[in-house]
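Observations on the model geometry
Single-letter residue listing:
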Amino acid sequence: MLKVLKMCGRTACTLSPDVLCKACTYKKMKSDCYTQAEWRESSNGKECNPSTNFVPTFYGPVMISKKHLDPNADPDDRVLTPMMWGIIPRWHKGPPTQHKISTNNCRIERITESRLYKDPLNKGRRCVVLCEGFYEWKKPKSKGGIKQPYIIYFPQPEGQSMFESETWTDRLDELWSKEDGWKGPKPLTVAGLFDIWKSPEDDSIIYSYSIITMDSSSAFAWIHERMPAILETEDDVRDWLDYTRVPAEQALAKLKASSILTFHPVSTDVNNAKNKGNHLTKPIDLNKPKKLSGSGKFMTKWLSQGSPVKAEKSESSPKEGVKRHSSTKDLVQDL
């Protein structure tokens with residue numbers, strides 16, 4: 001039976017292609033100069049959906065070996081291209097988002113046995129998913145409490161914030177050079193798998209991806225028991241992408257639970273996937289009283305004044321009352 005967990009179902013992903021290509025700077029083997037990753041438009045003409053509340057089925061930036069697109073390319077060359085979050089099962093025959101299987105995550109423990117993931121793994125379809133950070137929710141201490149969201153990301157260069165673009169966007173030209181590479185904010189690099197789906201209706205091609213997850217490190221487990229497989233270093237990224245040099249079994253064995261991530265609590269506004277805006281990634285003070293919503297203010301006022309209708313009912317039928325119970329279920333299948 002598949003384990004059902006809510007894990008890495010939301011990220012912040014707003015960086016432009018130009019910034020991403022610079023941020024994904026790398027050195028080719030036996031080269032002393034840095035090279036920017038190449039940007040390619042998606043196979044079906046879809047563009048990235050920049051959002052601070054990025055959800056599955058959105059198109060986001062994914063880095064792969066250029067050899068996947070050009071057989072004659074050096075496997076060390078890298079390409080960034082938009083892909084849809086959530087692998088489309090290759091046997092699916094309907095609309096691409098209506099296969100009714102949650103595929104935003106794939107569990108590393110069963111990746112080699114999964115009908116869905118073992119095929120792209122064996123074909124070397126390993127990718128690096130780019131984002132500013134991912135959201136995770138800490139369970140409440142008491143029953144009925146609200147889960148507190150956090151955004152998790154790489155530590156950033158001094159004086160720069162991934163979530164405050166004004167700290168670096170006016171210096172893009174000086175933040176990158178062939179000699180020194182990228183000195184700007186560091187996006188999160190996450191290990192994933194991608195696959196290629198061909199529509200049986202119109203023969204259109206869609207590239208889609210899933211994020212690999214594993215047991216959390218001790219530094220992160222207090223928020224959630226699972227975490228994405230983070231590629232911390234340039235060597236980690238190189239080994240994961242180069243499927244011609246590093247076989248699948250070895251590449252999987254290199255994936256470790258990260259302990260260098262940093263995080264901060266954010267507004268519960270991010271709990272609703274429809275909410276957007278830069279305020280979603282801003283840190284909040286958990287000790288500061290939360291602002292009441294419009295309905296919350298109305299309820300507080302109503303309770304403080306009392307309800308004439310309720311008073312009349314209590315006189316005629318003192319045992320009558322209203323019992324309320326709410327339950328929130330937001331489970332995502334972690335394949």
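This is a predicted model, so every value here is computed, not measured.

1. Section: the pattern of salt bridges
If you walk through the whole model with that rule in mind, you get 16 salt bridges. Its salt-bridge partner being lysine 123, residue aspartate 119 comes within 3.2 Å of it at the nearest N-O pair. Overall, the relative accessible area of 21% leaves aspartate 119 in the partly exposed class. Taking the relative accessible area as the measure of exposure, lysine 123 reaches 45% and is therefore partly exposed. Each of Asp76, Arg78, Glu234 and Arg238 takes part in one network of salt bridges that share partners.

2. Here's the deal with the confidence of the model for the chain
Predicted confidence across the chain gives a mean pLDDT of 87, with 84% of residues reaching 70 or more. In the model, residues 1-6 has pLDDT below 50 throughout and makes 19 contacts with residues more than four positions away in sequence or in other chains. The low-confidence segment residues 307-335, where pLDDT is below 50, has 33 contacts with residues more than four positions distant or belonging to other chains.

3. A look at the nonpolar core
Membership of the largest hydrophobic core comes to 71 residues, with the highest contact counts inside it found for Met63, Tyr209, Ile212, Trp240 and Leu255. Apart from residues lying up to four places away in sequence, isoleucine 212 is in contact with Cys106, Ile108, Ile111, Ala191, Gly192, Leu193, Met227, Pro228, Ala229, Trp240 and Leu255. Within the second largest apolar cluster, five residues are counted, among which are Tyr59, Ile88, Trp197 and Ile206.

4. A word on the sheet that holds strand S11 (residues 148-153)
Pairing within the open sheet is antiparallel, and its five strands lie in the order S5-S1-S10-S11-S17. Edge positions in the sheet fall to strand S5 (51-54) and strand S17 (262-265), since each of these pairs with one other strand and no more. If you compare each strand with its neighbour and ignore which way they point, the axes differ by 30 degrees on average.

5. Considerations on the pairing of strand S15 (residues 205-215)
By the criterion of burial, S15 is predominantly enclosed, with nine of the eleven residues buried. Here two bridges tie strand S7 (residues 78-85) to S15, and the two strands are oriented parallel to one another. Bridging across to S15, tryptophan 85 finds its partner in tyrosine 209. Where strand S8 (residues 105-107) and S15 come together, three bridges link them in parallel fashion. Its bridge partner being in S15, asparagine 105 is matched across the sheet by isoleucine 211. Relative to S15, strand S14 (residues 188-198) runs antiparallel, the two being bridged by seven bridges. By the bridge assignment for S15, aspartate 195 is matched with serine 208. Here S14 folds back onto S15, and the loop between the two strands holds six residues, one of which, aspartate 203, carries a positive phi near 65 degrees.

6. A few points about the pairing of strand S9 (residues 126-131)
Burial analysis of S9 places six of its six residues in the buried class, the great majority of the element. Here S9 shows no split at all, with Arg126, Val128 and Leu130 on one side and Cys127, Val129 and Cys131 on the other all buried. Strand direction decides the pairing type here: strand S6 (residues 59-65) and S9, joined by two bridges, are antiparallel. In the sheet register, methionine 63 faces S9, and the bridge partner there is valine 128.

7. Some words on the environment of valine 190
Residue placement: valine 190 occurs in strand S14. C-alpha separation for the pair valine 190 and glycine 133, spaced 57 residues apart in sequence, amounts to 9.8 Å. In this view, valine 190 contacts Cys127, Val128, Val129, Ile211, Pro228, Ala229, Ile230 and Leu231; residues no more than four positions away in its chain are not counted.

8. Examining the side chain of serine 210
Structurally, serine 210 can be placed in strand S15. Overall, serine 210 belongs to the buried group, its relative accessible area being 0%. At 3.4 Å, the side chain of serine 210 and the backbone nitrogen of isoleucine 87 are in polar contact. At 2.4 Å, the side chain of serine 210 forms a polar contact with the backbone oxygen of threonine 103. Residues within four places of serine 210 in sequence aside, it is in contact with Gly86, Ile87, Thr103, Asn104, Asn105, Cys106, Tyr117, Gly192 and Leu193.

Cut-offs applied
Residues numbered from 1 in each chain as written. Predicted model: local features only at pLDDT ≥ 70, side-chain atom pairs only at ≥ 80, totals over all residues. Heavy atoms only, no water. Salt bridge = Lys/Arg side-chain N within 4 Å of Asp/Glu carboxyl O. Buried < 20%, exposed > 50% of the residue type's maximum accessible area, 1.4 Å probe, protein only. pLDDT = per-residue confidence, 0-100. Contact = heavy atoms within 4.5 Å. Core = buried A, V, L, I, M, F, W, Y, C linked by side-chain atoms within 4.5 Å. Pairing = 2+ DSSP bridges. Helix = DSSP H or I, 4+ residues; strand = E, 2+ residues; numbered from the N terminus. Axes fitted to C-alpha atoms, helices over the stretch in contact; angles between N-to-C directions. Polar contact = N/O pair within 3.5 Å; in protein donor to acceptor, adjacent residues only side chain to side chain.

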